[in-house]
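Each chain is listed here by its residues.
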Amino acid sequence: MTGPAISVNLNKGQADMSKTSWIRRSGLGLAALAGFILPAAAGTLDTVKQRGTLQCGVSEGVASFSEQDAQGNWRGFDVDFCRAVAAAVLGDAGKVAFTPLSASQRFDALKGGKVDLLARNSTWTLGREAELGLAFAGITYHDGQGFLAKRSLKVDTALSLDKAKICVEAGTTTQLNLADFFKANSMTYEEKVYPSAAEAFAAFESGQCDALTRDQSALHGDRLRLAKPAEAIVLPDVISKEPLGPVVRSDDFPWFTLVKWVNFALVNAEEIGVSSTNLDEALKSTKPDVRRFVGAEGGFGKALGLDADWAVRAVKAGGNYAEIYERNLGTGSKLGIPRGLNQLWSMGGVLYAPPLR
Amino acid sequence: MNQLLRTALSGLAMSGFGLGSLVALPGAASAQPRPPAAIQETMEIGDEPGRVSTEEVSITEGPYARQMVLFRSNEAPGTVVIHSAERFLYVVQGNGRALRYGIGVGREGFTWSGQVQVSRKAEWPDWRPPPEMLQRQPYLPRFMAGGPGNPMGARALYLGSTVFRIHGTNQPETIGQAISSGCFRLANGDISDLYDRVPVGTKVIIRHKATL
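Bear in mind the structure is a predicted one, so any value in this text is a computation, not a measurement.

**Q** Help me out: how do you make sense of the packing of aromatic side chains in this one?
**A** The geometry of an aromatic ring pair is captured by the separation of the ring centres together with the interplanar angle, meaning the angle of the planes. Residues and elements named next belong to chain A. A full pass over the atoms with the stated rule returns 19 aromatic pairs over all chains. With a centroid separation of 5.8 Å and an interplanar angle of 75 degrees, the aromatic rings of F65 and F77 are classed as edge-to-face. Residue F65 is located in the loop between β1 (54-58) and β2 (67-68), and its partner F77 is located in helix α5 (residues 77-90); the two are separated by 12 residues in the primary sequence. Accessibility expressed as a relative area gives 4% for F65, which makes it buried. Look at F77 and you get buried, because its relative accessible area is 4%.

This is the structure in structure tokens:
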């Protein structure tokens, strides 16, 4: 590959001749050329840097994902992701303006530029990308439908729920998934349908069914709301896919890449042993993967339009993936949701971040 | 045996432990088979000998309660997997599930990762604090026979030819913490449950946080 050949190719209908000839004269390689001609950092990233704050769309209050405490501070798993992005981009985890959005408002707000990023426990589906012009920048939480069962049934898997009475909300994909799961496993069940999730919960609590089905993240909260939480257990089985992740506009690829790699950085940090408590030690590490992570090698921060220590700042904001998970949803929270699918691929789950190199 | 008991008694007397914790010891001790010589009875663990926790104490609520969880593994059902950074021990069940127990782990010391087998099992194991531990905590007994006040707790699973074990505790509130000096500890009710599920020869895989 030669410089001139590439510049001719890219020149079609884009770069003016003077720019091309300057590049030829200076003998710059492919990377510099692409950076020069494509408006790599002309979108959301520049806007956020100029504004000095990240506009993050969150829920109006979903326990442990995004909610405001008594002092008005936003807290939660999605909130911590926004803070990690702000820290990577702006160097300050506090420079986030949170915009609470309802389920119906959220995608329009993002499309209309009201927020730079949506971290609002939204499920990644084809329709939301292909029809709405949005892009999911990865998966931060693998949710899925599960079962809250009476402990007295003495079952430890959903495969033992044959002939059980199951409470479910009407007219949802939850109801359809339930039917599919029992059919696929040659089991029968007695369906108890209620018009709302609240009524289905109340019916389960009053003993009208053996198990309640809905997304697992919600079932762990439901269990704690029971008068006697110890008399019910969330079964380990996940019977549907509800991948939740941050969403950006699909017309800004550099911003999409940046948000995606903040998520990957948090997961990779856990995998290579970098946490908020050992960053000083990490900066002194001689291991190549750690050196790339902290920005001592590789120059990936610059490629993203950020400082070399972008990943260190993201982890400093609220910890690596494990720290964020355990604090908001796991062992450090009332919910105590087991990592399950949201564990590293090498440790029993499906979290798999491409390598930072 | 006599010499062991004398050592135990003098150790305990020196350290000023009450008679209450001594009374139960001789019977419990004589009921125990002696370990093979290759396995040292020296462990660095907790430092509240004499404190009694009942055999039945299990963690019943919260994340460290014994529970079935989703756990993808290629290991055969029955295999024990320990993730020390998470403070969990898993018994693989197959079909994407594992039975998970909350554990307490060593502050430091046990950094060895890999695969071992359960080489021996013991009920109400004895305890001999190693010299390094006695140096730091000279008030500890030189020997303590197995029993309810023993920091080793109700059961122990010996790991290969190492000095390390998965054992019980007389301090169930330390589950989820890093305070023992190298071993993996479970509440007594939970180690008893695990003991009944795990035969000698079971594969044990130990994983720690990646080092920088």
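What follows picks up the thread again.
**Q** What is the right way to read the sheet that holds strand β11 (residues 211-215) of chain A from this model?
**A** Within a sheet, neighbouring strands are paired by backbone hydrogen bonds and run either parallel or antiparallel to one another. Residues and elements named next belong to chain A. Pairing is mixed in the open sheet, where five strands are placed in the order β10-β9-β11-β8-β12. Strand pairing shows two members of the sheet lacking a second neighbour, β10 (189-194) and β12 (232-234), which therefore form its edges. Ignoring which end each strand starts from, the neighbouring axes of this sheet average 25 degrees apart. The sheet contact formed by strand β9 (residues 164-169) and β10 spans six bridges and is parallel. By the bridge assignment, C167 is partnered in β10 with K192. Sheet contacts for helix α8 (residues 173-184): β8 (145-150), β9, β10 and β11; angle to β8, the most-contacted strand, approximately 75 degrees. Sitting on the sheet, helix α9 (residues 197-205) touches β8, β9, β10, β11 and β12, and the angle it makes with β9 is about 155 degrees.

**Q** Mind showing me how you'd approach the sheet that holds strand β10 (residues 184-185) of chain B here?
**A** Residues and elements named next belong to chain B. On the basis of which strands lie adjacent, the open sheet formed by nine strands has the order β1-β4-β3-β2-β11-β6-β7-β8-β10 and mixed pairing. Unpaired on one side and paired on the other, β1 (67-70) and β10 mark the two borders of the sheet. Sheet topology places strand β3 (residues 88-94) next to strand β4 (residues 97-102); six bridges connect them, and they run antiparallel. Along β4, the bridge assignment pairs V91 with L99.

**Q** Just checking my understanding: could you explain the packing of α5(A) against helix α11 (residues 253-272) of chain A for this structure?
**A** When two helices pack together, their arrangement is given by the angle between the helix axes and the distance between those axes. All names here are of chain A. Viewed as axis vectors pointing N to C, α5 and α11 meet at an angle of 110 degrees, and their least axial separation amounts to 10 Å. Classified by the angle their axes make, α5 and α11 are roughly perpendicular. Crossing geometry of α5 relative to α11 is assigned as right-handed. Within the contact between the two elements, α5 uses F81, A84, V85, A88 and V89 and α11 uses W255, L258, V259, V262, N263 and L266. When the residues that make up the contact of α5 with α11 are grouped by side-chain class, the tally is 10 nonpolar, one polar and no charged.

**Q** What's the story with the state of the cysteines in this structure? I'm lost.
**A** All names here are of chain A. All told, the structure shown has two disulfides over all chains when counted by the stated rule. For C56, the disulfide goes to C82, at an S-S distance of 1.9 Å. Between C56 and C82 the disulfide shows an S-S torsion of about -75 degrees. By sign, it is left-handed. Residue C56 is found in strand β1, and its partner C82 is found in helix α5; the two are separated by 26 residues along the sequence. When sorted by exposure, C56 lands in the same class as C82, which is buried. The partner cysteine of C167 in its disulfide is C209, sulfur to sulfur 1.6 Å. Disulfide C167-C209: torsion about the S-S bond near -85 degrees, hence left-handed. With a gap of 42 residues between them, C167 in strand β9 and C209 in the loop between α9 and β11 connect regions that are remote in the sequence. Listing the disulfide partners of chain A by sequence rank of the bonded cysteines yields 1-2, 3-4.

Rules used in this analysis
- Residues numbered from 1 in each chain as written.
- Chains lettered and ligands numbered in written order.
- Predicted model: local features only at pLDDT ≥ 70, side-chain atom pairs only at ≥ 80, totals over all residues.
- Heavy atoms only, no water.
- Phe/Tyr/Trp six-rings, centres within 6.5 Å; stacked < 30°, edge-to-face > 60°.
- Helix = DSSP H or I, 4+ residues; strand = E, 2+ residues; numbered from the N terminus.
- Buried < 20%, exposed > 50% of the residue type's maximum accessible area, 1.4 Å probe, protein only.
- Pairing = 2+ DSSP bridges.
- Axes fitted to C-alpha atoms, helices over the stretch in contact; angles between N-to-C directions.
- Contact = heavy atoms within 4.5 Å.
- Parallel < 35°, antiparallel > 145°, perpendicular 65-115°, else oblique.
- Left-handed = near helix turned anticlockwise from the far one by under 90°.
- Nonpolar A, V, L, I, M, F, W, Y, C, P; charged D, E, K, R; others polar.
- Disulfide = S-S within 2.5 Å.

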